Amino acid sequence: MRFRAKIVDLACLNHFSRVINTIAKLAKSCTLRLTVSKLYFILSDKVANGGVSMWCELCQGNFFDEFQMEGVAAECNEIYLELVPENLSRALKTAQSAKAVKIKLTNKHCPCLRVAVELPSLSSSSRIVTHDIPVGVIPRRLWSDFREPSVPDFDVSIYLPALKTMKSVVERMKNLSNSIVIEANLSGEMNLKIETDLVSVTTHFKDLGYPPWASGDGCENSAQGRDLESMTEACIDIRKLQQLLAGQQVNPTKALCNIASKRIVHFILLHEDVSLQYFIPALA
């Protein structure tokens, strides 16, 4: 089992660093799955974490100048590692003006991801700062626990408003309640609501539009003959939503929300070379 990779391009390095920062904000520990063409950061904390799941997918070719890996076996050319993303994020912070960053799987005293940052220096020799990040190697028999989460049949699919706007709304609401109701309809309207004994606050968004699949078959089959104005809603933990919005360092080109009534809210944030899915289960 071997893995080594190298980033030379500074823009790619900074972009990779922003992705890792986002993941560190969403997961204390996660699974890194390496394949020949992609990297996946996976969180599937069913109960302990309030059931939140995350699936983040990166095409390695858009980030790395060199990328070599040999998986556990020829027919299973993959590696699954458990790591604390905050440690990787910290290591990359030292690399903001680096000439190159090399990442390698090593096993001195325990398995580690070694991040070697080559910094520019005034003399001819360059300085190299090395970080060893402990990782756990996940045995093959457990890999099936880390499959892409299945998306339930959702009732509504809608584009999100500007994430910055949404974030400031949610941050204000967070001081008033622990839960928030997200509701949307097939006419491109979405509301964020909190209701307590003392206060009821609703923020309305209009004309958000909906993704291509929402108008064709798929989710709208069940919508045949449905009232376009009627709202589908789910009540979720407001801190989980705030965590997602506050952690965003990768400015997505598209952000979508799928709601399965009273069951789950599924967010998809797309950047040209990164996709992040985040699942927040509804509160009973």
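Before reading further, recall that the structure is shown in the block above.
Fair warning: this is a prediction, and the values are worked out from it, not measured in the lab. (Residues numbered from 1 in each chain as written. Predicted model: local features only at pLDDT ≥ 70, side-chain atom pairs only at ≥ 80, totals over all residues. Heavy atoms only, no water.)

### Side note on the sheet that holds strand S1 (residues 2-7)
- If you trace the 5 strands from one edge of the open sheet to the other, you get S5-S1-S7-S8-S9, paired in antiparallel fashion. Edge positions in the open sheet fall to strand S5 (66-70) and strand S9 (127-134), since each of these has one partner strand only. Neighbour-to-neighbour, the strand axes of the sheet open up by a mean angle of 15°, direction not taken into account.
- Where strand S7 (residues 100-107) lies against strand S8 (residues 111-119), 8 bridges are found, and the strand directions are antiparallel. Counted as the bridge partner of Ile103 is Val115 from S8.
- Its contacts with the sheet place helix H2 (residues 85-93) against S7, S8 and S9, and it is angled at close to 175° to S9. (Pairing = 2+ DSSP bridges. Helix = DSSP H or I, 4+ residues; strand = E, 2+ residues; numbered from the N terminus. Axes fitted to C-alpha atoms, helices over the stretch in contact; angles between N-to-C directions. Contact = heavy atoms within 4.5 Å.)

### Describing the packing of aromatic side chains
- The final tally for this structure, using the stated rule, is 7 aromatic pairs.
- Where Tyr80 meets Trp143, the ring centres are 4.4 Å apart and the plane angle is 25°; that geometry is what we call stacked. Placement of Tyr80 in strand S6 (residues 79-83) and of Trp143 in the loop between strand S10 (136-137) and strand S11 (156-159) is noted, with a sequence separation of 63 residues between them. Across this residue pair, the class does not change: Tyr80 and Trp143 are buried.
- In this structure an aromatic cluster arises from ring pairing among Phe3, Phe16, Phe63, Phe64 and Phe67.
- Sitting above the plane of the Tyr40 ring, Arg33 keeps its charged end 4.4 Å from the centroid. (Phe/Tyr/Trp six-rings, centres within 6.5 Å; stacked < 30°, edge-to-face > 60°. Buried < 20%, exposed > 50% of the residue type's maximum accessible area, 1.4 Å probe, protein only. Lys NZ or Arg CZ within 6 Å of the ring centre and 35° of its normal.)

Without other data, these values stay purely geometric and don't point to any function.
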